[in-house]
Amino acid sequence: MFAIISDIHSNIEALTTVLADIEKRGIKTIYCLGDVIGYGPDPKPCLDLVIEKTKWCVLGNHDYAIFYEPTNFNYAAEQASFWTREVLETEEDKGPREKRWDFLGHLPMRQSFKVKLDDEEMVIDFLHASPRKPINEYIFPDDVYTNPIKVKSLFDRVKHVCFVGHTHLPGVFLDEPDFYLPEELGDRYPIVSDEKAIVNIGSVGQPRDKDNRASYIYVEDNEVNFVRLEYDFETTIEKIKAVEQLDNFNAERLRDGR
Ligand SMILES: [Fe+2]
């Protein structure tokens, strides 16, 4: 049994809510698909909690932007990344400062492991964005209709199951190609050995599917379970608004889940 979290975006209210739920379920292993920081007001405690609670984390485009440089960011996202970098750089306590930079500087692009299912060996991949551009490519639900060649090319790079984040839109892609929202699946997707799937786990700290609740998944036996949780986004909104360099749009969107 393990849980996967992604796209926390410096939202400590959402992250602590999700971690409490994971603990309540007795889940001990947590993986993270990146974008721990960026957009939100609490980069330090979010980094510290992810470092403490997760087994590993892969590199997201916002983590990359803050450690290296922003690429293809809009103005607000870029400003947020510069502000986040400054917050991390001006930490006076050497221990935590170095621990956070060391973590960001060593995030891998991809993680994989094998599990046994129906006497078959299954490969499970973990990436932030997409199997062919692990940090930056968006896989949108509409791609199954508007760009099936792209979806095929993505599935050519997936052996069995690949977990991703990045779009902040939870759901399951199959190689038909097809896309299913969690609610169309009763919030459950059973992993079977003869079906390839790309599973987007949604976003902890900035959901964009018009549902303002924090999103994460856990896997029990062969079943992927989608979870949504209400959290205190009004507090996060107030904190974002109090920081001049953080755009108010990235505060208000939390209320609408967009
Ligand atoms: Fe993100």
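This text goes with the structure placed above it.
None of the values given here were measured: they were computed from a predicted structure.

Teacher, can you tell me more about the pairing of strand S6 (residues 161-164) here?
Residues in a regular strand point their side chains to alternate faces of the sheet. Alternating positions in S6 separate into two faces, Val161 and Phe163 on one and Cys162 and Val164 on the other, with burial throughout. Bridging between strand S5 (residues 120-127) and S6 involves 3 bridges; their strand directions are parallel. The residue of S6 that forms the bridge with aspartate 125 is cysteine 162. Where S6 lies against strand S10 (residues 197-200), 4 bridges are found, and the strand directions are parallel. Looking at S10, one finds that valine 161 is bridged to alanine 197.

How should the packing of aromatic side chains be read in this particular structure?
By convention here, two paired aromatic rings are described through the distance between centres and the angle between planes. This structure, assessed with the given rule, holds 15 aromatic pairs. Each ring, one from tyrosine 64 and one from tyrosine 68, has its centre 4.7 Å from the other, and the planes form 40°; the classification is tilted. The partly exposed category is assigned to tyrosine 64, whose relative accessible area is 25%. Members of the aromatic cluster, connected to one another through ring pairs, are Phe2, Tyr31, Trp56, Phe113, Phe126 and Phe163. The side chain of arginine 253 reaches across the aromatic face of tyrosine 39, ending 5.7 Å from its centre.

Honestly, the coordination of the iron ion in this entry has me stumped. Any pointers?
Coordination angles at a metal have ideal targets, namely 109.5 degrees for four tetrahedral donors and 90 or 180 degrees for six octahedral donors. Summarising the metal site, the iron ion is bound by the protein donors Asp7 (OD), His9 (NE2), Asp35 (OD) and His168 (NE2), whose distances to it range over 2.0 to 2.4 Å. Considering all 4 donor atoms around the iron ion, the spread of angles at the metal, 83 to 176°, places the coordination shape in the irregular class. Considered as a linear motif, the donors of the iron ion on their single chain read D-x1-H-x25-D-x132-H. You can see aspartate 7 sitting in the loop between strand S1 (2-5) and helix H1 (12-24) and its partner aspartate 35 sitting in the loop between strand S2 (29-32) and helix H2 (43-53), a full 28 residues away along the chain. Residue aspartate 35 is classed as buried on the basis of its relative accessible area, which comes to 1%.

Even after reading the chapter, I still don't get the environment of serine 193, so can you show me in this structure?
Here serine 193 is to be found in the loop between strand S9 (188-190) and S10. Distance in space between the C-alpha atoms of serine 193 and isoleucine 12 is 37 Å, their sequence separation being 181 residues. Dropping the residues within four chain positions of it, serine 193 is found in contact with Leu117, Asp118, Glu120, Met122 and His160.

Whenever I open this one, H2 confuses me. Can you help?
For an α-helix, 3.6 residues make a turn, and residues three or four places apart therefore share a direction. Here H2 has its buried residues at Pro43, Cys46, Leu47, Leu49 and Val50. Looking straight down H2, one finds its buried side chains confined to an arc of 165°; they lie on one side. Packing partners of the buried residues in H2 comprise H1, S2, strand S3 (56-57), helix H4 (75-89) and helix H5 (94-105).

Could you clarify how one ought to interpret the sheet that holds S5 in this entry?
Strands belonging to one sheet form pairs held by backbone hydrogen bonds; the direction of such a pair is parallel or antiparallel. Taken in spatial order, the 6 strands make up an open sheet running S4-S5-S6-S10-S7-S8, and their pairing is mixed. Here the strands that pair on one side only, and so sit at the sheet edges, are strand S4 (110-117) and strand S8 (178-180). Taking the axes of each pair of neighbouring strands and ignoring which way they run, one obtains an average angle of 20° across the sheet.

What is the right way to look at the nonpolar core in this model?
Side chains of nonpolar character tend, in soluble globular proteins, to be buried together. Within the largest apolar cluster, 44 residues are counted, with the highest numbers of intra-cluster contacts made by Ile5, Leu15, Ile22 and Tyr216. Formed by 23 residues, the second largest nonpolar core is a distinct cluster that contains Ile4, Val58, Phe163 and Ile217.

Help me understand the state of the cysteines in this model?
Think of a disulfide as a covalent bridge from one cysteine sulfur atom to another cysteine sulfur atom. For the structure shown, the criterion picks out 0 disulfides. Looking at cysteine 32, it has no disulfide partner, and the nearest cysteine sulfur is the one in cysteine 57, 3.4 Å off. Judged by its relative accessible area of 3%, cysteine 57 is buried.

What should I look at first to understand the pattern of salt bridges in this one?
Where charged atoms from two side chains of opposite charge approach closely, those side chains can pair. Inspection of the entire model under this criterion finds 22 salt bridges. As a salt-bridge pair, arginine 188 and glutamate 223 come within 3.8 Å of each other at their nearest N and O atoms. Of this pair, arginine 188 sits in strand S9 while glutamate 223 sits in strand S12 (residues 223-229), placing them 35 residues apart in sequence. Overall, arginine 188 belongs to the partly exposed group, its relative accessible area being 45%. For glutamate 223, a relative accessible area of 27% gives the class partly exposed. Across the pair glutamate 252 and arginine 255 runs a salt bridge, and its minimum N-O distance is 2.5 Å.

Rules and cut-offs
- Residues numbered from 1 in each chain as written.
- Predicted model: local features only at pLDDT ≥ 70, side-chain atom pairs only at ≥ 80, totals over all residues.
- Heavy atoms only, no water.
- Buried < 20%, exposed > 50% of the residue type's maximum accessible area, 1.4 Å probe, protein only.
- Helix = DSSP H or I, 4+ residues; strand = E, 2+ residues; numbered from the N terminus.
- Pairing = 2+ DSSP bridges.
- Phe/Tyr/Trp six-rings, centres within 6.5 Å; stacked < 30°, edge-to-face > 60°.
- Lys NZ or Arg CZ within 6 Å of the ring centre and 35° of its normal.
- Donors = N, O, S within 2.8 Å, 3.2 Å for Na, K, Ca; no water.
- Tetrahedral: all angles 85-135°; square planar, octahedral: opposite > 155°, others 65-115°.
- Contact = heavy atoms within 4.5 Å.
- Arc of directions from axis to C-beta.
- Axes fitted to C-alpha atoms, helices over the stretch in contact; angles between N-to-C directions.
- Core = buried A, V, L, I, M, F, W, Y, C linked by side-chain atoms within 4.5 Å.
- Disulfide = S-S within 2.5 Å.
- Salt bridge = Lys/Arg side-chain N within 4 Å of Asp/Glu carboxyl O.

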